[in-house]
Amino acid sequence: MRTPLLTASLLTLALLVGCGSQPPAPEQAGAGVEDRTPGAVTTPGVTPVTAGQPNAYDIAALKDPKSPLSKRSIYFDFDSYVVKDEYQTLLNHHAQFLIKNPQMKMLIQGNADERGSREYNLALGQKRAEAIKKALMLLGVKEAQLESVSLGEEKPVCTESTESCWAQNRRGDMLYSGEF
Amino acid sequence: MRQLISRLAAGALLAGAAFLAQAQLSIEITGAGAQRLPIAITDFAGERVVAQALTSVIRADLERSGRFNLVNTAGSVMDENTPPDFPDWKSRGADALAAGSLVSLPDGRYETRFRLYDVQKQAAIGGLALTHTSAQIRATAHRIADTIYEKLTGERGIFSTRIAYVVKSAGRYELQIADADGNNPQPALASREPIISPAWSPDGGRLAYVSFEAKKPVIYVHDLASGKRHVAANFKGSNSAPAWSPDGKKLAIVLTKDGNSQLYLVNADGSGVTRLSTSSGIDTEPQFSPDGEFIYFTSDRGGSPQIYRQPVAGGAAQRITFDGSYNVTPRLSPDGKTLAFVTRDGGRFRVAVMDLASRQVQVLTDTAKDESPSFAPNGRMILFATEVGGRGVLAAVSVDGRVKQRLSVQAADVREPAWGPFLNK
């Protein structure tokens with residue numbers, strides 16, 4: 001219960017200093033108190049920090065396997081370029097990271113499965129990368145921090161001609177500065 | 001009819017280039033033309049002094065074209081001055097006959113001469129004299145085969161042209177240039193990242209391509225003789241699908257700097273980019289018509305990927321393909337009359353051609369994963385990538401679908417073929 005007492009005595013001290021050293025300010029005509037915008041009361045905040053624990057959106061969190069930021073892939077349905085709802089939480093973490101670290105940039109690499117024309121698949125991968133970029137911008141990320149590109153069918157994580165394998169290749173990956 | 005031409009690989013081994021034989025494209029003929037002209041090519045006098053027999057290369061070229069039937073010459077040797085026994089050649093079934101000689105010159109080079117005869121008319125109808133080094137034996141043979149082909153068919157031969165393609169092996173990508181018969185492969189670019197969409201400049205001296213070495217697709221223009229290359233397009237987003245204008249000054253390209261994949265024009269040095277198409281969907285795979293008036297391209301603006309064309313000078317796009325839900329990769333024949341493309345039908349991707357005047361479509365192949373069709377500069381054959389036994393191979397098919405060949409490399413994937421232009425008009 002020491003804090004209120006300390007605050008009260010500091011306030012008294014301030015009042016005493018104010019009265020003693022300053023001449024009274026001249027009255028200004030027409031400046032009625034009712035015309036003034038009321039000032040907001042501010043209270044200084046305190047964020048508790050435990051030494052040795054990185055902030056959730058610290059750059060170090062990118063390399064922390066326990067951080068949601070370590071998850072970098074978004075998977076798409078066949079012939080689809082829509083980011084599924086299940087990825088909103090993940091995208092929100094990445095958006096917060098980019099907002100809190102404006103010097104960091106993200107390269108979004110879109111991918112497609114192997115069927116059909118390589119150049120058309122490059123364009124399909126681009127649509128997936130664009131969808132992720134747009135989702136991050138809706139969450140407040142600046143466009144200047146984002147680049148969406150496509151690797152088409154050229155960098156498959158899975159190389160068998162099966163549906164489960166193709167599903168892994170219909171993917172967008174998020175890479176940060178220093179990783180590309 | 002299947003015939004494996006192993007002589008090609010044997011030639012490389014004899015030249016002491018055993019390591020090259022590993023990477024050699026070997027050609028298998030899997031179908032031949034119906035109307036084939038019977039021709040006899042005798043062994044040339046003196047050709048045994050060179051390790052690679054000249055006439056075996058000439059015979060292989062003509063046979064591979066699917067337009068000739070080789071008459072057995074049973075080891076007969078004739079030079080260009082030997083008077084042919086026309087009734088004898090006629091009785092052996094030959095309509096045409098070629099004979100010649102190879103002699104050593106005092107400076108270490110060689111001189112090869114040949115003469116072509118019409119057996120029916122009993123008359124000489126052509127010939128050629130060439131000086132060359134021992135390293136140019138194959139090139140000399142291709143020149144002779146081109147001369148024979150042109151004299152007898154009325155069309156230019158493609159045996160002296162080159163092809164570009166990408167070989168993928170264990171985390172390594174190599175852009176290679178080889179002779180049209182798959183021999184003499186030379187690496188132009190090696191990379192740990194993918195290389196796609198090579199496109200020959202009209203003069204045959206440069207290749208534009210897309211390389212992923214910067215972790216994103218970037219377009220380069222590469223001078224083959226000097227090995228010097230420059231970035232032609234590296235805008236924010238993806239840069240891909242380069243296609244040369246017929247004058248070799250500009251590239252039609254695909255950029256995503258303004259959102260989805262859209263068509264742009266850029267000077268070959270990378271300057272002066274202008275936008276060509278504005279659609280809400282994907283526009284890609286641009287290709288100039290040979291007269292430079294139109295850009296053919298793939299677009300999903302109608303809901304599925306189809307081929308469209310649009311005047312380069314500006315104007316509305318016109319849809320070209322209507323059958324099926326997936327028609328991509330438009331490629332124009334050198335005369336501008338035929339469109340080759342890849343069509344999907346029941347999960348199979350196959351090379352098809354459309355006669356642009358009648359809009360008649362013919363599917364040419366019976367494979368399932370065809371990609372990247374590319375016309376030979378005389379318009380007779382289409383080179384494309386496909387998959388056989390889970391491995392990427394190159395294949396060629398004649399525009400009438402009758403002649404079929406397969407080109408494969410041992411233990412590697414071959415893809416992204418591009419047939420180069422004629423080197424001199």
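Note that this is a predicted model, so its numbers are computed, not measured. The residue count restarts for each chain, going from 1 along the sequence in the order it is written. Numbering of ligands from 1 and lettering of chains from A proceed in the order in which they are written. Restriction of local features to residues with pLDDT of at least 70 applies here, the model being predicted, together with a cutoff of 80 or more for giving and counting side-chain atom pairs; totals for whole chains, interfaces and linings are based on all residues. Based on all heavy atoms of the structure, the side-chain values leave hydrogens and waters out of the count.

K.L.:
Sorry, what's going on with the sheet that holds strand E8 (residues 110-118) of chain B here?
P.N.:
Sheets are built from strands paired through backbone hydrogen bonds, the pairs being either parallel or antiparallel. Residue and element names in this part refer to chain B. Two strands are said to pair when DSSP picks up at least two bridges between them. Secondary structure follows DSSP: runs of H or I at least 4 residues long count as helices, runs of E at least 2 residues long count as strands, and numbering of each begins at the N terminus. Overall, mixed pairing links the five strands, which are arranged E5-E3-E7-E8-E9 in an open sheet. Sheet topology places strand E5 (68-70) and strand E9 (123-132) at the edges, where each strand pairs with a single neighbour. Adjacent strand axes in the sheet meet at a mean angle of 25° when their direction is disregarded. Pairing geometry for strand E7 (residues 96-104) and E8, over nine bridges, is antiparallel. Residue pairing across strands places alanine 96 opposite aspartate 118, the latter belonging to E8. In what follows, residue pairs with any heavy atoms lying within 4.5 Å of each other are defined as contacts. Axis lines are fitted through C-alpha atoms, for helices just across the contact stretch, and the angle between N-to-C directions can take any value from 0 to 180 degrees. In this fold helix H3 (residues 54-64) packs onto strand E3 (37-41), E5, E7 and E8, with an angle of close to 175° to the strand it touches most, E3. Set on the sheet, helix H5 (residues 137-153) makes contact with E3, E5, E7, E8 and E9; between it and E9 the angle comes to about 160°.

K.L.:
Just to check I follow, could you spell out the nonpolar core for this structure?
P.N.:
The tendency in soluble globular proteins is for nonpolar side chains to be buried as a group. Counting 42 residues, the largest nonpolar core has Ile58, Leu62 and Ile148 of chain B as its most contacted members. When residues in this core are grouped by element, the largest group, six residues, is from H5 of chain B. Each of domain 1 (33-153) and domain 2 (162-419) of chain B contributes no fewer than three residues to this core. With near-sequence residues (within four places) excluded, isoleucine 58 of chain B lies in contact with Ile41, Phe44, Ala141, Ile144, Ala145 and Ile148 of chain B. Nonpolar core, defined: a set of buried Ala, Val, Leu, Ile, Met, Phe, Trp, Tyr and Cys residues in which side-chain atoms within 4.5 Å join the residues together. Throughout this description, buried means an accessible area under 20% of the type-specific maximum (1.4 Å probe, protein chains only), exposed means over 50%, and partly exposed covers the range between. Of all hydrophobic cores here, the second largest spans 25 residues; its members include Leu62, Phe76, Leu98 and Met106 of chain A. Residue ranges for the domains originate in an automatic or database domain assignment.

K.L.:
Just checking my understanding: could you explain the domain arrangement of chain B for this structure?
P.N.:
A common measure of how large an interface is: the accessible area buried when the components associate. Residues and elements named next belong to chain B. By the assigned domains, chain B splits into domain 1 (33-153) and domain 2 (162-419). Taking only C-alpha atoms into account, the centre of domain 1 sits 36 Å from that of domain 2. When domain 1 packs against domain 2, close to 750 Å² is buried across both sides, 44% of that on carbon and sulfur atoms. The term salt bridge refers to a side-chain nitrogen of Lys or Arg lying within 4 Å of a carboxyl oxygen of Asp or Glu. Linking domain 1 to domain 2 there are one salt bridge. Put simply, aspartate 181 and arginine 138 hold a salt bridge, and the shortest N to O gap is 2.9 Å. Here a polar contact is recorded for every N or O atom pair within 3.5 Å, except that within protein the pair must consist of a potential hydrogen donor and a potential acceptor, and residues adjacent in sequence are included only if both atoms are side-chain atoms. In this structure, the connection of domain 1 to domain 2 is made through three residue pairs in polar contact (both at pLDDT 80 or more). Mapped by element, the contributors of at least two residues to the side of domain 1 that touches domain 2 are H3 and H5. Counting residues per element, the side of domain 1 that touches domain 2 draws most heavily on H5, which supplies three residues. Once two parts are put together, the accessible area they lose, assessed with a 1.4 Å probe and summed over both, is termed the buried area.

K.L.:
Just to check I follow, could you spell out the pattern of salt bridges for this structure?
P.N.:
A side chain of one charge can pair with a side chain of the opposite charge when the charged atoms of the two come close. Summed over the entire model, instances satisfying the criterion amount to 33 salt bridges over all chains. With its nearest N and O atoms 3.2 Å apart, the salt bridge here joins glutamate 114 of chain A to lysine 369 of chain B. In this pair, glutamate 114 of chain A sits in the loop between strand E2 (106-111) and helix H3 (118-138) while lysine 369 of chain B sits in the loop between strand E28 (360-363) and strand E29 (371-375), so the two residues belong to two different chains. With a closest N to O distance of 3.8 Å, arginine 118 of chain A and glutamate 153 of chain A form a salt bridge. Taken together, the residues span a long stretch of sequence, with arginine 118 of chain A in helix H3 and glutamate 153 of chain A in the loop between strand E3 (146-152) and helix H4 (163-169) at a distance of 35 residues. On the accessibility criterion, glutamate 153 of chain A (10% relative accessible area) is buried. One connected set of salt bridges, linked through shared partners, spans Arg118, Glu153 and Glu154 of chain A together with Glu371 and Glu416 of chain B.

K.L.:
Sorry if this is basic, but what is going on with the packing of helix H2 (residues 88-100) of chain A against H3 of chain A here?
P.N.:
Describing two packed helices takes the angle between their axes plus the distance from one axis to the other. All names here are of chain A. Contact pair H2 / H3: the axes reach a minimum separation of 9 Å and the direction vectors enclose 65°. Considering only the axes of H2 and H3, their crossing is right-handed. Within the contact between the two elements, H2 uses Leu91, His94 and Ala95 and H3 uses Ile132, Ala135 and Leu136. For the contact of H2 with H3, a count of residues per class yields five nonpolar, one polar and no charged. By the definition used in this description, the sense in which the near helix is turned from the far one sets the handedness, with an anticlockwise turn below a right angle giving left-handed and a clockwise turn giving right-handed. All residues other than Ala, Val, Leu, Ile, Met, Phe, Trp, Tyr, Cys, Pro, Asp, Glu, Lys and Arg, Gly among them, are scored as polar; the first ten of these are nonpolar and the last four charged.

K.L.:
So what exactly am I meant to see when it comes to the interface of chain B and chain A here?
P.N.:
At the junction of the two partners, chain B supplies 34 residues and chain A supplies 28 residues. Between chain B and chain A, the buried area comes to about 2400 Å², and carbon and sulfur atoms account for 55% of it. At the boundary of chain B and chain A, one finds six salt bridges. Joining chain B to chain A, the criterion identifies 18 residue pairs in polar contact (both at pLDDT 80 or more). Where the side of chain B that touches chain A is concerned, the elements lending two or more residues are strand E13 (195-200), strand E17 (239-244), strand E21 (283-288), strand E25 (327-332) and strand E33 (413-419) of chain B. Split into classes, the residues belonging to the side of chain B that touches chain A amount to 13 nonpolar, eleven polar and ten charged.

K.L.:
Looking at this structure, how should I read H3 of chain A?
P.N.:
Because an α-helix packs 3.6 residues into every turn, residues spaced three or four apart end up facing the same way. All names here are of chain A. Between the first and last C-alpha of H3 there are 30 Å, a value that for 21 residues agrees with the 30 Å anticipated at 1.5 Å per step. Taking burial as the measure, the 21 residues of H3 include 17 buried ones, the bulk of the element. Here H3 starts with a cap whose side-chain oxygen sits 3.3 Å from the backbone nitrogen of glutamate 119, and that cap is serine 117. By this rule, a helix spans an expected 1.5 Å times one less than how many residues it contains.

K.L.:
Mind showing me how you'd approach the packing of aromatic side chains here?
P.N.:
Each aromatic ring pair is characterised by the separation of its centres together with the angle its planes make. Two aromatic rings, drawn from Phe, Tyr or Trp (for Trp, its six-membered ring), form a pair once their centres lie within 6.5 Å of each other, and the interplanar angle then sorts them: stacked below 30 degrees, edge-to-face above 60, tilted otherwise. A full pass over the atoms with the stated rule returns eight aromatic pairs over all chains. Centroid distance tyrosine 149 of chain B to phenylalanine 159 of chain B: 5.6 Å. Interplanar angle 85°. Geometry classified as edge-to-face. Of this pair, tyrosine 149 of chain B sits in helix H5 while phenylalanine 159 of chain B sits in the loop between H5 and strand E10 (162-169), and the two are ten residues apart along the sequence. Geometrically, the ring pair formed by tyrosine 209 of chain B and tyrosine 220 of chain B is stacked, given 6.0 Å between the ring centres and 25° between the ring planes. Of the two residues, tyrosine 209 of chain B is situated in strand E14 (residues 206-211) and tyrosine 220 of chain B in strand E15 (residues 218-223); the sequence distance between them amounts to eleven residues. Aromatic rings pair up to connect Tyr120 of chain A together with Tyr326 and Phe349 of chain B into one cluster.

K.L.:
When you look at the side chain of glutamate 154 of chain A in this model, what are you seeing that I'm missing?
P.N.:
Looking at the secondary structure, you find glutamate 154 of chain A in the loop between E3 and H4. At a separation of 2.9 Å, a polar atom in the side chain of glutamate 154 of chain A contacts the side chain of arginine 118 of chain A.

K.L.:
Would you mind going over unusual backbone geometry with me for this structure?
P.N.:
Glycine aside, a negative phi is what most residues show, and trans is what most peptide bonds show. Of note, the phi angle at aspartate 79 of chain A is positive, near 60°, even though the residue is not glycine. Checked against the element boundaries, aspartate 79 of chain A lands in the loop between strand E1 (73-75) and H2. A positive phi angle is found at glutamate 416 of chain B, which is not glycine, with a value near 55°. Take glutamate 416 of chain B: it is sitting in strand E33. The class of glutamate 416 of chain B is buried, set by a relative accessible area of 4%.

K.L.:
Which parts of the structure should I look at to understand the confidence of the model for chain B?
P.N.:
Interpretation of this model should avoid reading the predicted coordinates in detail wherever pLDDT is low. All names here are of chain B. Across chain B, the average pLDDT comes to 91, with 91% of residues at or above 70. Per-residue confidence from the predictor is reported as pLDDT, a score between 0 and 100. Confidence drops under a pLDDT of 50 for residues 1-22, and excluding neighbours within four residues, the segment shows 30 contacts in the predicted structure. Interface scoring of the predicted complex returns ipTM 0.90; its pTM is 0.85.

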